[in-house]
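One letter stands for each residue in the lines below.
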Amino acid sequence: MEASCCGMAETLRERVGAALLGGDGRLYCAGNIECWGQTPSICAERTALFKALSELCTDFAALAVCGGPADREPEDFCTPCGVCRQVLLQFCPLDMPVLCVKRPQEVREYTLAQLLPDYWTRPGTSQQGEHP
Ligand SMILES: [Zn+2]
């Protein structure tokens, strides 16, 4: 998986790539998008998820994430941030594998539930299947 983003790689501080495997067998790939200021920026994981949702894919099988600082090789495993973890588990199964990559031969596998064990849900909704 190539960690790059929309031709803006020269301006990125972080280069992260995410590949989300839909239940339909399609692979939804995306990179992080950094904007001036941090608030409008978006991580690769949410970009891939929103890309899939916008194409009406609502069933997900696995996610892989890689990347790190834009100016050097990754020094650690790339894991989703807290916001991405919360958003992912609203739309993906709790037992979905999340592959966190440091290098192609160094991968750690978690489930969403392992990454965010005490996740928040909107009162009156379940983890999945009831998207407000
Ligand atoms: Zn994130």
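Check the entry above for the structure.
Residues numbered from 1 in each chain as written. Predicted model: local features only at pLDDT ≥ 70, side-chain atom pairs only at ≥ 80, totals over all residues.

Okay, the overall build of the protein next. The secondary structure content of the protein amounts to three helices and five strands. When the elements of the protein are put in sequence order from the N terminus, they spell out β-β-α-β-α-β-β-α. Taken across its 132 residues, the protein has 31% of its residues classed as buried. In the protein, once contacts between residues fewer than 6 apart in sequence are set aside, the share between residues at least 24 apart is 54%. (Helix = DSSP H or I, 4+ residues; strand = E, 2+ residues; numbered from the N terminus. Buried ≥ 20, exposed ≤ 12 C-beta atoms within 10 Å, placed from the backbone. Contact = placed C-beta atoms within 7 Å.)

A few words on the environment of Leu88. Along the chain, the position of Leu88 falls in helix H2 (residues 82-91). Sequence-wise, Leu88 and Phe50 are 38 residues apart; in three dimensions their C-alpha atoms are separated by 9.9 Å. Setting aside chain neighbours within four positions, we find Leu88 in contact with Glu45, Leu49, Pro80 and Leu112.

Every buried residue of H2 is listed here: Cys84, Leu88, Leu89 and Phe91. The buried residues of H2 occupy one face: seen down the axis, they fall within an arc of 160 degrees. Residues of H2 that are exposed and point over 90 degrees away from its buried face: Gly82 and Val83. (Arc of directions from axis to C-beta.)

A few words on the sheet that holds strand S3 (residues 60-69). Judged by pairing direction, the sheet is mixed, and its five strands sit side by side in the order S2-S1-S3-S4-S5 without closing on themselves. Looking at strand neighbours, the two that pair on one side only are strand S2 (27-31) and strand S5 (106-111), the edges of this open sheet. Taking each pair of neighbouring strands and ignoring which way they run, the sheet shows an average axis angle of 15 degrees. Two strands pair when backbone bridges link them, and strand S4 (residues 97-103) and S5 are joined in this way by six bridges, in the antiparallel orientation. Following the sheet pairing, Val101 is matched in S5 by Val107. (Pairing = 2+ DSSP bridges. Axes fitted to C-alpha atoms, helices over the stretch in contact; angles between N-to-C directions.)

Remark: helix H1 (residues 44-54) packs on H2, axes separated minimally by 9 Å, with the N-to-C direction vectors making an angle of 25 degrees. Here H1 is positioned roughly parallel relative to H2, judged by the angle of their axes. Considering only the axes of H1 and H2, their crossing is left-handed. Residue-level inspection shows Glu45, Arg46, Leu49 and Leu53 of H1 in contact with H2, the latter providing Cys84, Val87, Leu88 and Phe91. Of the residues in the contact of H1 with H2, the class split is six nonpolar, no polar and two charged. (Parallel < 35°, antiparallel > 145°, perpendicular 65-115°, else oblique. Left-handed = near helix turned anticlockwise from the far one by under 90°. Nonpolar A, V, L, I, M, F, W, Y, C, P; charged D, E, K, R; others polar.)

This next bit is on H1. Residues Ala44, Glu45, Arg46, Thr47, Ala48, Leu49 and Ala52 constitute the buried set of H1. Buried-residue contacts for H1 involve strand S1 (14-22), S2, S3 and H2. Following H1 by one or two positions, Leu56 adopts a phi angle in the positive range, close to 70 degrees.

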